[in-house]
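Chain by chain, the residues run as shown.
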Amino acid sequence: MTAFPDVQKITYEGPDSKNPLAFRWYDENEIVEGLTMREHLRFSVCYWHTFRANGSDPFGAPTMLRPWEDGTDSVDNARQRVRVAFEFMEKLGAPYYAFHDRDVAPEGSSLAETNRNLDAVVEVLKEEQQRTGVKLLWGTANLFSNPRYMHGASTSCNADAFAYAAAQVKKCLEVTHALGGENYVFWGGREGYQNLFNTDMKRELDHMGRFMHMAIGHAEKIGFDGHFLIEPKPKEPTKHQYDSDAAACINFLRAYELTDRFRLNIETNHATLAGHTMMHELDYAGYQGLLGSIDANTGDLMLGWDTDQFPTNYYLTTEVMLMLLKYGGIGPGGVNFDAKVRRESFEPIDLFHAHIGGMDAFARGLRIAAAIRADGELSQFVQQRYASWDAGIGADIESGKADFMSLEAYMLEKGEIDANQSGRQEMLEHLVNRYF
Ligand code: XLS
Ligand code: NI
Ligand code: NI
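Read on for an overview of the structure. A quick note: this is a predicted structure, and the numbers were derived from the prediction, not measured.

**Some thoughts on helix H10 (residues 278–287)**
Every buried residue belonging to H10 is among Met-278, Glu-281, Leu-282, Ala-285 and Gly-286, and all of these are buried. The buried residues of H10 all sit within an arc of 125° when viewed along its axis, so they share a single face. For H10, the secondary structure elements touched by its buried residues are helix H8 (246–255), strand E10 (262–267), helix H9 (268–273), strand E11 (291–295) and helix H11 (314–326). Looking one or two places after H10, you find Gly-289, whose phi comes out positive at around 70°.

Spelled out as structure tokens, the structure:
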């Protein structure tokens, strides 16, 4: 059986191709800065949007045509869906995928039954991984859909919710490890608050810190040595998510002494909801050595929610790739398309169009970023801009030699600072446009 009979393996045809089912920029074996594009980009397909989204929204019913679905939430249907997912990833040429426990397998009427359901689907995931060579970038537990998590999971006021979440993450971590998953993600879900009148913030965050240490403890027990990744997001579903942006997450990781095992999974749409650019979030996490992986999507700047659209803007992907190259690459993380086709793009073929467009946009961004770096004009400008720190008083400050006393003496003698130089923003913006 094939779910996509009209689609052959997607191949690279070059920039002049007019075939929508071909890559114009993503040539997986082409070398850029010493690695193949496949190794640089480590593309991942997300299971939840691509194989579980049905197009329903608060105003209307599902729209998606998915002929392989039998309309039930059975384990058999879930196992069948895995075959379809891997046919898709194989034809697309995506080396990785990512899932939540509850995307791949249905919840049962007890935790024990739910775990058995998961095992039954994991069996097929394993088979298909072996058959195709597609690997698991990360697994994660859905700790937000079930009503038991209405007040949060590890930050719930109800200790039983914490305990249930622990049991769920334990299982999901074991499954991720069994499938050779390279990372494990925590996106906050309902870890946050709607109102501080009913919330003990300190207690909730202490609990989340403890939860993360338990996760590390269990990882050690089972031999999982991948990174744990926290995914920042400022709002939705709660009014205020604890993991609101990279800075908040890094502070949490430092405060609870988790930086050894944890990194961040930065998502574009979440960055913009937090009032930052993706480039800012990547630079901020990157300079502290805490950049782990990215969720590649884009929002709509005119809408204030997480629209999770496929990224097609070369300017955005260039900025992202400049940051990934600056920090030495994204592995063992990847470029995970946490993105969904619009409700109106309801045919199975739209899944291909969406991913091909996203992959090509990233490949183009990679090429442009590498060209900018090879010319070196931008980096030379930045280096020159900070030249006052390379010698003299600047070097004394950076090396810790100077103090307020010596700086006062220096300035009393010198009288006024050396003249400032232009930041040349407009010139540089124009310069970057040369590469497009
Ligand atoms: C939701 C998040 C979610 C995570 C995985 O906004 O992006 O999809 O990536 O739980
Ligand atoms: Ni995400
Ligand atoms: Ni999101």
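**Let's talk about the environment of Arg-342**
Along the polypeptide, Arg-342 turns up in the loop between strand E12 (335–337) and helix H12 (348–375). Expressed as a C-alpha distance, the spacing of Arg-342 and Trp-48, which sit 294 residues apart in the sequence, is 14 Å. Not counting residues up to four positions away in its chain, the partners in contact with Arg-342 are Met-64, Thr-307, Asp-308 and Gln-309. From its side chain, Arg-342 meets the backbone oxygen of Asp-308 in a polar contact 3.2 Å long.

**Some thoughts on the coordination of the nickel ion (ligand 3)**
In the first shell of the nickel ion (ligand 3), the protein supplies Glu-267 (OE), His-270 (NE2) and Asp-306 (OD), at 2.1 to 2.2 Å from the metal. Binding-site remark: the nickel ion (ligand 3) is held by donors from one chain whose sequence spacing is E-x2-H-x35-D. Here the nickel ion (ligand 3) and the nickel ion (ligand 2) are spaced 4.1 Å apart, linked through Glu-267, which binds each one. Pair noted here: Glu-267 is in strand E10 and Asp-306 is in the loop between E11 and H11, with a separation of 39 residues, a long-range link. Take Glu-267 and Asp-306: they sit in the same class, and that class is buried.

**Brief notes about the pattern of salt bridges**
One pass over the full model with this rule turns up 25 salt bridges. When the shortest N-O distance is used, the salt bridge between Arg-131 and Glu-90 registers 3.2 Å. On the criterion of sequence distance, the pair formed by Arg-131 in helix H5 (residues 111–132) and Glu-90 in helix H3 (residues 75–92) is long-range, its members being 41 residues apart. Residue class for Arg-131 comes out partly exposed when judged on its relative accessible area of 46%. Look at Glu-90 and you get partly exposed, because its relative accessible area is 32%. Among the charged side chains, a salt-bridge network with shared partners connects Arg-83, Glu-90, Glu-127, Glu-128 and Arg-131.

**Remarks on the coordination of the nickel ion (ligand 2)**
Distances from the nickel ion (ligand 2) to its protein donors, Glu-231 (OE), Glu-267 (OE), Asp-295 (OD) and Asp-338 (OD), fall within 2.0 to 2.1 Å. For the nickel ion (ligand 2), the six donor atoms are set out with angles of 79 to 175° between them, so the coordination reads as octahedral. Sequence spacing of the donor residues for the nickel ion (ligand 2), all on one chain, is E-x35-E-x27-D-x42-D.

**Quick word on the sheet that holds E11**
Sheets are built from strands paired through backbone hydrogen bonds, the pairs being either parallel or antiparallel. Spatially, the eight strands close up into a barrel ordered E3-E4-E5-E6-E8-E10-E11-E12, and their pairing is parallel. Strand-to-strand twist of the sheet, defined as the mean angle between neighbouring strand axes without regard to direction, takes the value 30°. When E11 meets E12, the two strands line up parallel, connected through two bridges. Bridging across to E12, Ile-294 finds its partner in Val-335. Against the sheet, helix H6 (residues 159–178) makes contact with strand E4 (96–100), strand E5 (135–140), strand E6 (183–187) and strand E8 (227–231), and its axis sits at roughly 150° relative to E6, the strand it touches most.

**Looking at the site of ligand 1**
Around ligand 1, the structure places Trp-48, His-100, Trp-138, Trp-187, Glu-231, Lys-233, Glu-267, His-270, Asp-295, Asp-306 and Asp-338. Within the side chain of Lys-233, an N or O atom sits 2.8 Å from an oxygen atom of ligand 1. Contacts to ligand 1 include Asp-338, whose side-chain N or O atom sits 2.7 Å from an oxygen atom. Relative to its free-state accessible area of 290 Å², ligand 1 is covered by the protein chains to the extent of 94%. Looking at the shell around ligand 1 residue by residue, the classes come out as three nonpolar, two polar and six charged.

What counts and how
- Residues numbered from 1 in each chain as written.
- Chains lettered and ligands numbered in written order.
- Predicted model: local features only at pLDDT ≥ 70, side-chain atom pairs only at ≥ 80, totals over all residues.
- Heavy atoms only, no water.
- Buried < 20%, exposed > 50% of the residue type's maximum accessible area, 1.4 Å probe, protein only.
- Helix = DSSP H or I, 4+ residues; strand = E, 2+ residues; numbered from the N terminus.
- Arc of directions from axis to C-beta.
- Contact = heavy atoms within 4.5 Å.
- Polar contact = N/O pair within 3.5 Å; in protein donor to acceptor, adjacent residues only side chain to side chain.
- Donors = N, O, S within 2.8 Å, 3.2 Å for Na, K, Ca; no water.
- Salt bridge = Lys/Arg side-chain N within 4 Å of Asp/Glu carboxyl O.
- Tetrahedral: all angles 85-135°; square planar, octahedral: opposite > 155°, others 65-115°.
- Pairing = 2+ DSSP bridges.
- Axes fitted to C-alpha atoms, helices over the stretch in contact; angles between N-to-C directions.
- Near = heavy atom within 4 Å.
- Areas by Shrake-Rupley, 256 points an atom, 1.4 Å probe, with all protein chains shown as cover.
- Nonpolar A, V, L, I, M, F, W, Y, C, P; charged D, E, K, R; others polar.

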